[in-house]
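As a plain string of letters, each chain reads:
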Amino acid sequence: MMKVNTLTVAALGAAVMLFGAGAASAAINQVASPGALTGPVTLEDFEDASFQPGFTASGSGSKVPELFLASNATGDVTPSGVQGLLLFQDGNGPNTLFFDFSGPVRSGGLWFGNDDTCCGNPFTAVLDIYSSGGLQGSVSVVANMNDSADQFLGFSTDFDVTRIGYRMASNANLAMYVDDLYFSGTGGAVPEPATWAMMIVGFGAAGSMIRRRKAVVA
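Only a predicted model underlies this, so the values are computations on that prediction, with no experimental measurement involved. (Residues numbered from 1 in each chain as written. Predicted model: local features only at pLDDT ≥ 70, side-chain atom pairs only at ≥ 80, totals over all residues. Heavy atoms only, no water.)

Some words on the side chain of Ser148
Turning to step 1, where the next piece is worked out: On the secondary structure map, Ser148 appears in the loop between β8 (134-142) and β9 (151-168).
Turning to step 2, where the next piece is worked out: Classification of Ser148 as buried rests on a relative accessible area of 10%.
Turning to step 3, where the next piece is worked out: Beyond its immediate sequence surroundings of up to four residues, Ser148 is in contact with Thr74, Val77, Phe112, Gly113 and Asp115. (Helix = DSSP H or I, 4+ residues; strand = E, 2+ residues; numbered from the N terminus. Buried < 20%, exposed > 50% of the residue type's maximum accessible area, 1.4 Å probe, protein only. Contact = heavy atoms within 4.5 Å.)

Below, the structure is given as structure tokens:
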């Protein structure tokens, strides 16, 4: 009986240590350009309504994202093509433009614009990073307010990202315009620390049962 208890406690201790180590190692790094993204990268340029597979776009308020000409939003300055994706504010903002991924993503980013001093105040552009457990953190940059889609907001992580959300930290007047969304996957899901913890506890319980059965047989 003492052996069973010792094994169970050891398994629980290892699970707690692994969970703590996994949680502590989770990190979000800001990426300054698309060339610094990791892994095979998928690019959506928003030049037509046939989006690349692997993501969906939505808004946090009553408005929905729509394709929009760069000439009407960014002075025709865009990283590629002639249009991007725009989300109008619904008056209850600042709203958020969400991108949800169908598979795990480890790095990504987008170009943003429509930062025009004619219609709004200077602001900080924020990209919120979510996992299946909710919001994990964010990266941000101060908008240069030149009305061009010439600033990149990107990230890389060591955990699986399921959603990102682009928002203006303090300016609800300007519509959100983004172009050239990038995202890359992991090639395979990696168990979360909590999953590893449950697996180790399970292994410990299984070992205890085996030892108990051996003792009964003996």
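So that's the structure; there's more coming.
Here's the deal with unusual backbone geometry
Turning to step 1, where the next piece is worked out: The phi dihedral of Met145 falls on the positive side, at around 55°, and the residue is not glycine.
Turning to step 2, where the next piece is worked out: Within the secondary structure, Met145 is located in the loop between β8 and β9.
Turning to step 3, where the next piece is worked out: The phi angle at Asp147 is positive, at roughly 70°, despite the residue not being glycine.
Turning to step 4, where the next piece is worked out: One can find Asp147 in the loop between β8 and β9.

What to know about the environment of Asp128
Turning to step 1, where the next piece is worked out: Among the structural elements, Asp128 can be located in strand β7 (residues 124-131).
Turning to step 2, where the next piece is worked out: Each C-alpha atom, one on Asp128 and one on Thr96, is 9.3 Å from the other, the two residues being 32 residues apart in sequence.
Turning to step 3, where the next piece is worked out: At 2.6 Å, the side chain of Asp128 and the side chain of Arg167 are in polar contact. (Polar contact = N/O pair within 3.5 Å; in protein donor to acceptor, adjacent residues only side chain to side chain.)

Let's talk about the confidence of the model for the protein
Turning to step 1, where the next piece is worked out: Residues at a pLDDT of 70 or more form 73% of the protein, whose mean pLDDT is 81.
Turning to step 2, where the next piece is worked out: Counting contacts from residues 6-24, a segment whose pLDDT is below 50, to residues more than four positions away or on other chains yields 17 contacts.
Turning to step 3, where the next piece is worked out: Below a pLDDT of 50 lies the segment residues 187-217, which in the model reaches 25 contacts outside its immediate sequence neighbourhood of four places, other chains included. (pLDDT = per-residue confidence, 0-100.)

A short note on the state of the cysteines
Turning to step 1, where the next piece is worked out: Throughout the structure, instances matching the rule amount to one disulfide.
Turning to step 2, where the next piece is worked out: Note on cysteine connectivity: Cys118 is disulfide-linked to Cys119, with sulfurs 2.5 Å apart. Because the sign of the S-S torsion sets the handedness, a value of about -65° for the bond joining Cys118 and Cys119 places this disulfide among the left-handed ones.
Turning to step 3, where the next piece is worked out: Taking the relative accessible area as the measure of exposure, Cys118 reaches 56% and is therefore exposed. (Disulfide = S-S within 2.5 Å.)

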